[in-house]
Amino acid sequence: EQMGTGVGTFDFGGKRHEFSGPGYRDHSRGPRQFGALEAHVWLQLFFPDAPAFSAYHVWVTQDGKAVQVLDKALSIRPDGFGPAAFGTQVRLHSLATVLDPIELDVTVEGRSYHLKGKPIAPPLLTTFNSEVDFFFGCAPSLGEFVGTEYPLVFEYEGGTVPGYMQRSLRLPK
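Residues numbered from 1 in each chain as written. Predicted model: local features only at pLDDT ≥ 70, side-chain atom pairs only at ≥ 80, totals over all residues. Heavy atoms only, no water.

Visitor: Can you explain the overall build of the protein? Please cite residues and give values.
Guide: What the protein contains, in helices and strands, is zero helices and twelve strands. N-terminal to C-terminal, the α/β element order of the protein is β-β-β-β-β-β-β-β-β-β-β-β. Since a compact globule built from 173 residues should have a radius of gyration of about 16 Å, the 17 Å found for the protein is in line with a globular shape. When its C-alpha atoms are laid out on the principal axes, the protein stretches across 45 × 45 × 35 Å. When each of the 173 residues of the protein is scored for burial, the buried share is 39%. Considering only contacts in the protein between residues 6 or more positions apart, those separated by 24 or more positions represent 47%. When the accessible surface of the protein is split by element, carbon and sulfur atoms take 55% of a total near 10,000 Å². Within the protein, the 19 negative side-chain charges are centred at a point lying 1 Å from the centre of the 15 positive side-chain charges. (Helix = DSSP H or I, 4+ residues; strand = E, 2+ residues; numbered from the N terminus. Rg over C-alpha atoms; globule rule 2.2 N^0.38 Å. Buried < 20%, exposed > 50% of the residue type's maximum accessible area, 1.4 Å probe, protein only. Contact = heavy atoms within 4.5 Å. Areas by Shrake-Rupley, 256 points an atom, 1.4 Å probe, with all protein chains shown as cover. Lys, Arg positive; Asp, Glu negative; His and termini not counted. Charge placed at Lys NZ, Arg CZ, Asp CG, Glu CD.)

Okay, structure coming up:
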């Protein structure tokens, strides 16, 4: 996934609208198979006074237990990547908590941030199965997993920081 800034205009209803803001390019390539997936978290933060932040966590089933197999964070600048750390677990265990406030501890190139925030819109829900068939909404009869994604706004000692989070979980049987 690549983070960046989107700038442009569009015409709608006879009016021209300008926009500028954070964005990302998601990508898909190669074969995928989610049979052992338990959950994932993909978090992006767009600091006004620091490089952008991206983190990815993944849990899979190994020997009947959920095990975290990926814990990756990095800072993103126009000229490259830098060190970062995501010190908080925000794994989703139930859809009932998807809109709960979130507190995060992240470090971006040596600077630590304690962030308090909440979603600013209801999540887009998708159901998917281990063969990577996706369906809009939460439809347990169609898949084993539900994904959520939504924008967030966090407060910290330096102001506010917009973010975007995608989380998934295996649906209970």
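So, next bit.
Visitor: Residues and numbers for the packing of aromatic side chains, please.
Guide: The full count for this structure, using the stated rule, is eight aromatic pairs. Ring plane angle 45° and centroid distance 6.4 Å describe the contact between tryptophan 42 and tyrosine 56, whose orientation is recorded as tilted. Placement of tryptophan 42 in strand 3 (residues 37-45) and of tyrosine 56 in strand 4 (residues 52-62) is noted, with a sequence separation of 14 residues between them. For tyrosine 56, a relative accessible area of 24% puts it in the partly exposed group. Ring plane angle 85° and centroid distance 5.8 Å describe the contact between phenylalanine 47 and tyrosine 156, whose orientation is recorded as edge-to-face. One end of the pair, phenylalanine 47, is in the loop between strand 3 and strand 4; the other, tyrosine 156, is in strand 11 (residues 145-156), and 109 residues separate them in sequence. Accessibility assignment for this pair places phenylalanine 47 and tyrosine 156 in one class, buried. Ring pairing ties together the aromatic residues Phe47, Tyr113 and Tyr156, which thus form one cluster. The lysine or arginine in question, arginine 91, covers the ring of tryptophan 59, its NZ or CZ lying 5.3 Å from the ring centre. (Phe/Tyr/Trp six-rings, centres within 6.5 Å; stacked < 30°, edge-to-face > 60°. Lys NZ or Arg CZ within 6 Å of the ring centre and 35° of its normal.)

Visitor: Now, about the nonpolar core: what can you tell me, with residues and values included?
Guide: Membership of the largest hydrophobic core comes to 29 residues, with the highest contact counts inside it found for Leu45, Phe47, Phe53, Phe86, Leu104, Val106 and Leu115. Of the residues forming this core, the biggest block, five residues, is contributed by strand 11. Counting five residues, the second-largest nonpolar core is a separate cluster that includes Leu37, Val58, Val60 and Phe128. (Core = buried A, V, L, I, M, F, W, Y, C linked by side-chain atoms within 4.5 Å.)

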